Amino acid sequence: MRRVLTFVCLAVAAAATAFAHPAPFSYVDVRVDGANVELTVTVHEFDAAHDLGVEDASRLLNATGLARYAPALAGLLKDRLQIWVGGQRLAGVWSPPVALPDRQAIQLRVRYDAKSPPPSVTLAARLFPYDPVHQTFVNVYERDGVVLQAILDRHREQITFYPGTRQGSWAVVKRFAASGVHHILIGPDHLLFLIGLLLLGGTLRRLVLVVSAFTIAHSITLSLAVLRVVSPPPWLVEPAIALSIVYVGADNLTVRGGRDVRAWIAFAFGLIHGFGFANVLREMDLPPRALGWSLLSFNLGVEIGQLAVVIVVASVLSEIRSKSPDTGRRLAVAGSVVVIAAGAFWFVQRVFFAT
């Protein structure tokens, strides 16, 4: 009987806690009009009262009580809600808060002047960090239509919006092209796959064909995955990428004349690598209205990075072979062994020790 009473008491206490804080949400509407960025911020009376130290939250819903705490509330939110344009934080002009008794909420407006139409707008918000489950629902409007929706919480504290202007499109291209270059240069598995394909050398036409096949293949699956037409899980894609590296190294060691099928190998496994690129791209808050530009520019960045690596590696290998064919052959064998070992290591790591 005592256990039953204890359980009932705990349940009542939990229910009381939940009732005391019925809506752990805030709302931010963002409107971009030329150089002006205007925010409408709606917060629950409970959250505002908690962080302002007001014992009776309902005091914030009458004009007198709200006017008393208005400067403190604006100061509180000013530090927790930020707008960034071009790497610079903007200073906003806050309007007096308005009580919304029917919603048990308080609403404020803040206007920012970006001086010129912004190429991108970043909103950072962590409005009530005392509550670990608090969420901020964001709606971005342009020309009276919602163009972006997001939920910010302790795991995701900011979003970036690209206006539908030439400046916005150019900002998308710059951001995602740079990300493509960065990803290919810091992705040792993709680079090692490419280097493995180059170890046996060949004419310029042959090498261009190999790299082009890889490019076309990963572009296809990257687009399909980002558009969610086909989206295999990372636990399947990442080990498959590692196996593709093992295969390239093994093929280098076993090839004995005949036709050069590296272009077909590059195309077949490039399809798998494209899914790997997509896993990275999906984590970057793709702008829905500029999905085509983001895909194109990310691919462009990847190709720029690939081309830089191919030129350097192919030039070095060609120079070595021209001076000493035997050294070139030994280097191809040793390099292929390293490629196999690295691919095998990544396969074991990704299958048995994945976090």
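Residues numbered from 1 in each chain as written. Predicted model: local features only at pLDDT ≥ 70, side-chain atom pairs only at ≥ 80, totals over all residues. Heavy atoms only, no water.

Colleague: Help me understand empty space enclosed by the protein in this model?
Modeller: Any empty space left between the atoms is revealed when a probe the size of a water molecule rolls over them. According to the stated counting rule, one finds one cavity of 30 Å³ or more in the structure shown. Here the largest cavity defines a volume of roughly 40 Å³. Considering the residues around the largest cavity, the lining is formed by V30, V121, T122, L123, V140, I159 and F161. Listed by contribution, the elements that provide at least two residues to the lining of the largest cavity are strand 8 (121-125) and strand 11 (158-161). Among the elements that line the lining of the largest cavity, the one with the most residues is strand 8, at three residues. Grouping the amino acids of the lining of the largest cavity by side-chain chemistry returns six nonpolar, one polar and no charged. (1 Å grid on protein atoms, 1.4 Å probe; cavity = no way out; pocket = protein on both sides within 12 Å on 5 of 7 lines; lining within 4 Å. Points joined across faces, edges and corners; volume = space filled by probe spheres on them. Helix = DSSP H or I, 4+ residues; strand = E, 2+ residues; numbered from the N terminus. Nonpolar A, V, L, I, M, F, W, Y, C, P; charged D, E, K, R; others polar.)

Colleague: Just checking my understanding: could you explain the packing of aromatic side chains for this structure?
Modeller: Any two aromatic rings considered together are summarised by their centre-to-centre distance and by the angle between their planes. Inspection of every chain in the model, using the stated rule, returns five aromatic pairs. A centroid spacing of 5.3 Å and a plane angle of 40° characterise the contact between F193 and F214, whose relative ring orientation is tilted. Of this pair, F193 sits in helix 5 (residues 188-198) while F214 is found in helix 6 (residues 204-226), placing the two residues 21 residues apart along the sequence. Residue F193 shares its accessibility class with F214, and that shared class is buried. Between F193 and F269 the ring centres are 6.2 Å apart and the planes differ by 80°, which places this aromatic pair in the edge-to-face class. Highlighted residues: F193 in helix 5 and F269 in helix 8 (residues 262-282), separated in sequence by 76 residues. Judged by its relative accessible area of 0%, F193 falls in the buried class. Judged by relative accessible area, which is 18%, F269 ranks as buried. Aromatic rings pair up to connect F193, F214, Y247 and F269 into one cluster. For the cation-ring pair, R31 lies above Y141, with the distance from its terminal atom to the ring centre recorded as 4.3 Å. (Phe/Tyr/Trp six-rings, centres within 6.5 Å; stacked < 30°, edge-to-face > 60°. Buried < 20%, exposed > 50% of the residue type's maximum accessible area, 1.4 Å probe, protein only. Lys NZ or Arg CZ within 6 Å of the ring centre and 35° of its normal.)

Colleague: Can you walk me through the pattern of salt bridges in this structure?
Modeller: One side chain can pair with another of opposite charge once the charged atoms of both are near each other. Considering all chains together, one arrives at 11 salt bridges under this definition. Notably, a salt bridge pairs K115 with D113, separated by 3.8 Å at the nearest N-O pair. A salt bridge links R329 to D326; the nearest nitrogen and oxygen atoms lie 2.2 Å apart. You can see R329 and its partner D326 sitting in helix 10 (residues 325-352), three residues apart, about one turn around the helix. Judged by its relative accessible area of 52%, R329 is exposed. Look at D326 and you get partly exposed, because its relative accessible area is 41%. Taken together, the shared-partner salt bridges in this structure form one network comprising E38, R109 and R111. (Salt bridge = Lys/Arg side-chain N within 4 Å of Asp/Glu carboxyl O.)

Colleague: Would you take a moment to explain the sheet that holds strand 3 (residues 81-85) for this structure?
Modeller: Strands belonging to one sheet form pairs held by backbone hydrogen bonds; the direction of such a pair is parallel or antiparallel. Across the sheet, four strands lie side by side as 4-3-8-11; this open sheet has antiparallel pairing. One side of each edge strand has no neighbouring strand; the edge strands of this open sheet are strand 4 (88-89) and strand 11. Here strand 3 pairs with strand 4 via two bridges, running antiparallel. Residue W84 lies in a different strand from strand 4, and its bridge partner there is R89. (Pairing = 2+ DSSP bridges.)

Colleague: It is not clear to me how the layout of surface pockets should be interpreted in this structure. Could you clarify?
Modeller: For the largest pocket, the calculated volume is near 290 Å³. As for the largest pocket, its lining consists of 16 residues, of which R31, V32, D33, G34 and R143 are closest to the centre. Among the elements of the structure, strand 1 (25-33), strand 2 (36-44) and strand 9 (135-142) are those that each provide at least two residues to the lining of the largest pocket. Class assignment for the residues of the lining of the largest pocket results in six nonpolar, three polar and seven charged.

Colleague: Got a minute to help me understand helix 8 in this structure?
Modeller: Residues that lie three or four places apart on an α-helix share one face, since the helix turns once every 3.6 residues. Here helix 8 contains 21 residues, and its C-alpha end-to-end distance of 29 Å stays within 8% of the 30 Å for a straight helix at 1.5 Å per residue. The sharpest bend along helix 8 measures roughly 35° and falls at G270. (Expected span 1.5 Å × (residues − 1). Bend = angle between axes of the 7 residues up to and from the residue.)

Colleague: Honestly, the confidence of the model for the chain in this entry has me stumped. Any pointers?
Modeller: It should be kept in mind that the predicted coordinates are not to be read in detail where pLDDT is low. Across the chain, the average pLDDT comes to 87, with 93% of residues at or above 70. Confidence drops under pLDDT 50 across residues 1-20; counting only partners more than four residues distant or on other chains, this segment forms one contact. (pLDDT = per-residue confidence, 0-100. Contact = heavy atoms within 4.5 Å.)

Colleague: So what exactly am I meant to see when it comes to the packing of helix 5 against helix 7 (residues 234-254) here?
Modeller: Geometrically, a packed helix pair is captured by the angle between its two axes and the distance between the axes. Close contact between helix 5 and helix 7 brings their axes to 9 Å; oriented N to C, the two are set at 20°. In terms of orientation, helix 5 and helix 7 fall into the roughly parallel class. Crossing angle aside, the handedness with which helix 5 passes helix 7 is left-handed. Residues D189, H190, L192, F193, G196 and L197 of helix 5 form the contact with helix 7, whose participating residues are E238, I241, S244, I245, V248 and N252. When its residues are assigned to classes, the contact of helix 5 with helix 7 shows six nonpolar, four polar and two charged. (Axes fitted to C-alpha atoms, helices over the stretch in contact; angles between N-to-C directions. Parallel < 35°, antiparallel > 145°, perpendicular 65-115°, else oblique. Left-handed = near helix turned anticlockwise from the far one by under 90°.)

Colleague: Mind showing me how you'd approach unusual backbone geometry here?
Modeller: A negative phi angle is the norm for most residues apart from glycine, just as the trans form is the norm for most peptide bonds. At Q104, a residue that is not glycine, the phi angle is positive and equals roughly 50°. With respect to the helices and strands, the residue Q104 is situated in the loop between strand 6 (98-100) and strand 7 (105-113).

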